[in-house]
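Chains, contacts and geometry: an overview
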Amino acid sequence: MIQDPVLLDDWHPVARSTDVPEGSITPARLLGEDLVVWRAHGEVKVWQDLCVHRGTKLTLGSVQDGLLECAYHGWTYDGEGNCVKIPAHPEQSPPSKAKVTAYRCKEEYGLVWASLGNPVRDVPDFGEWHDGSFRKVACGPYHYKASGPRAVENFLDVAHLPFVHEGILGERAHAEIQDYQVRQTEEGIVASNVRIWQPDPDGTGVGKDVNYTYKVPRPLTMYLSKGTTEGTFSIFATVCPLDEFESVAWFWIAMNYARDVPEADIVSRQDEITGQDIPVVESQRPERLPLDLQAELHLRSDRIAVAYRKWLRELGLSFGTA
């Protein structure tokens, strides 16, 4: 397990709720730890993927009558991780130390969230989720062979839009980034009044001047909203750090207009945009995000990234950073 208290004590998405139906087992990975995600009696569990008997992966097993059975010797565990049955010795009560490491987990926004530590806060807030005027569309997961902080900083980068996403989120003829405001709050980083012209900012195919607000409430969770004349388009996204240089991003797109745009088109568009980002992020060197501001050159248009790096340094984040 990666030893970074900032991330160990935070919440991370490890699966979609729909990927863990009743009586099922799903493998996952978080901070270098293999996990087994399973559901019984409607309740989801996230455990270390390790039978305490001979170290077999519990993801090879099955759910039997609401209990998790190991595929190797049939050792069976209850919902708290306690071994309650050893088939080779049916008359013997399992020892108290025969217990799987169980992690804190919860379901929110259609995702299963887990923490390997002791989180003091709830999962990050996604206000549009509770607003019935917004249509919510799930996108991803998107796999990056890159560190989580690199993926987040790419999401916050405005100046790449006319080049990496030309014809969709920007154009070379409109590459200038006007000045904008960034501040650090108790809730993280907030950038406002980020203005840019986009050929197709929301999937409607209509070019618009948009005004972005970016938020970074957690080191690996990001949010943007952009207002148009029709309404608000927003994205809530969070990155699960599988390992230091492998990550998975989960996206929710929310719109309170253009309900005639098919959901499949919205997903396909986000797939295209993220697919353009991934090879760029994976190519960046050093692989760890430099928190020393002298290590790279920064311009006024990089103000969000500079604030993000300063904040990570203050938090003491070591995972995926240099």
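Small disclaimer: the values here were computed from a predicted structure and weren't measured.

Of the voids in this model, the largest pocket is the one considered here, and its volume is about 270 Å³. Lining the largest pocket are 16 residues, with D125, F126, E187, K215 and P217 positioned closest to its centre. Elements with a contribution of two residues or more to the lining of the largest pocket: β13 (188–198) and β14 (208–218). No other element matches β14, which puts three residues into the lining of the largest pocket. A class-by-class count of the residues in the lining of the largest pocket yields eight nonpolar, two polar and six charged. Volume-wise, the second largest pocket comes out at about 230 Å³. E153, N154, D157, Q284 and R309 are, among the 14 residues lining the second largest pocket, the residues nearest its centre. Counting residues per element, the ones that place at least two in the lining of the second largest pocket are α2 (148–156) and α5 (303–315). Tallying contributions element by element places α2 first for the lining of the second largest pocket, with three residues. Residues of the lining of the second largest pocket, tallied by class, amount to four nonpolar, four polar and six charged.

All right, on to the sheet that holds strand β1 (residues 12–16) then. The strand order β1-β10-β9-β4-β3-β2 describes an open sheet built from six strands, whose pairing is antiparallel. On the outer flanks of this sheet lie β1 and β2 (25–30), each paired with one strand and no other. Ignoring strand direction, the axes of neighbouring strands in this sheet form an average angle of 35°. Relative to strand β9 (residues 102–108), strand β4 (residues 43–48) runs antiparallel, the two sharing two bridges. Residue V46 lies in a different strand from β9, and its bridge partner there is Y103.

What follows is about the pattern of salt bridges. With the rule as written, the count across this model stands at 17 salt bridges. In this structure, E244 and R288 form a salt bridge, with 3.0 Å as the shortest nitrogen-oxygen distance. A residue pair is termed long-range when its members are at least 10 positions apart, and E244 in the loop between β16 (232–243) and β17 (246–255) and R288 in the loop between α4 (263–283) and α5 qualify at 44 residues. If you follow the salt bridges from partner to partner, you end up with R29, D34, D49, K57 and D243 in one network.

As enumerated under the stated definition, the model contains 13 aromatic pairs in all. Each ring, one from Y109 and one from F126, has its centre 5.7 Å from the other, and the planes form 80°; the classification is edge-to-face. Note that Y109 is positioned in the loop between β9 and β10 (111–115) and F126 in the loop between β10 and β11 (135–144), a separation of 17 residues in sequence. When the centroid spacing of 5.7 Å and the interplanar angle of 65° are considered together, the rings of Y109 and W129 count as edge-to-face. Pair noted here: Y109 is in the loop between β9 and β10 and W129 is in the loop between β10 and β11, with a separation of 20 residues, a long-range link. Overall, the relative accessible area of 4% leaves Y109 in the buried class. Ring pairs connect the aromatic residues Y109, W113, F126, W129, F236 and W252, which therefore count as one cluster.

We now examine the environment of W311. On the secondary structure map, W311 appears in helix α5. Each C-alpha atom, one on W311 and one on G188, is 7.8 Å from the other, the two residues being 123 residues apart in sequence. Look past the residues within four positions of W311 in its chain and what remains in contact with it is Q184, G188, I189, V216, P217, R218 and P219.

Each turn of an α-helix holds 3.6 residues, which means side chains three or four residues apart point in the same direction. Taking 1.5 Å as the rise per residue, α5 with 13 residues should run 18 Å; its terminal C-alpha atoms sit 18 Å apart, in good agreement. Along α5, the residues that are buried comprise I304, A305, V306, A307, Y308, R309, W311 and L312. Trailing α5 by a residue or two, G316 shows a phi angle of about 85°, which is positive.

The next thing to look at is the side chain of T274. Within the element layout of this structure, T274 appears in helix α4. Once residues lying within four places of it in the same chain are set aside, the contact partners of T274 are Y142, Y144 and F251.

Conventions and cut-offs
Residues numbered from 1 in each chain as written. Predicted model: local features only at pLDDT ≥ 70, side-chain atom pairs only at ≥ 80, totals over all residues. Heavy atoms only, no water. 1 Å grid on protein atoms, 1.4 Å probe; cavity = no way out; pocket = protein on both sides within 12 Å on 5 of 7 lines; lining within 4 Å. Points joined across faces, edges and corners; volume = space filled by probe spheres on them. Helix = DSSP H or I, 4+ residues; strand = E, 2+ residues; numbered from the N terminus. Nonpolar A, V, L, I, M, F, W, Y, C, P; charged D, E, K, R; others polar. Pairing = 2+ DSSP bridges. Axes fitted to C-alpha atoms, helices over the stretch in contact; angles between N-to-C directions. Salt bridge = Lys/Arg side-chain N within 4 Å of Asp/Glu carboxyl O. Phe/Tyr/Trp six-rings, centres within 6.5 Å; stacked < 30°, edge-to-face > 60°. Buried < 20%, exposed > 50% of the residue type's maximum accessible area, 1.4 Å probe, protein only. Contact = heavy atoms within 4.5 Å. Expected span 1.5 Å × (residues − 1).

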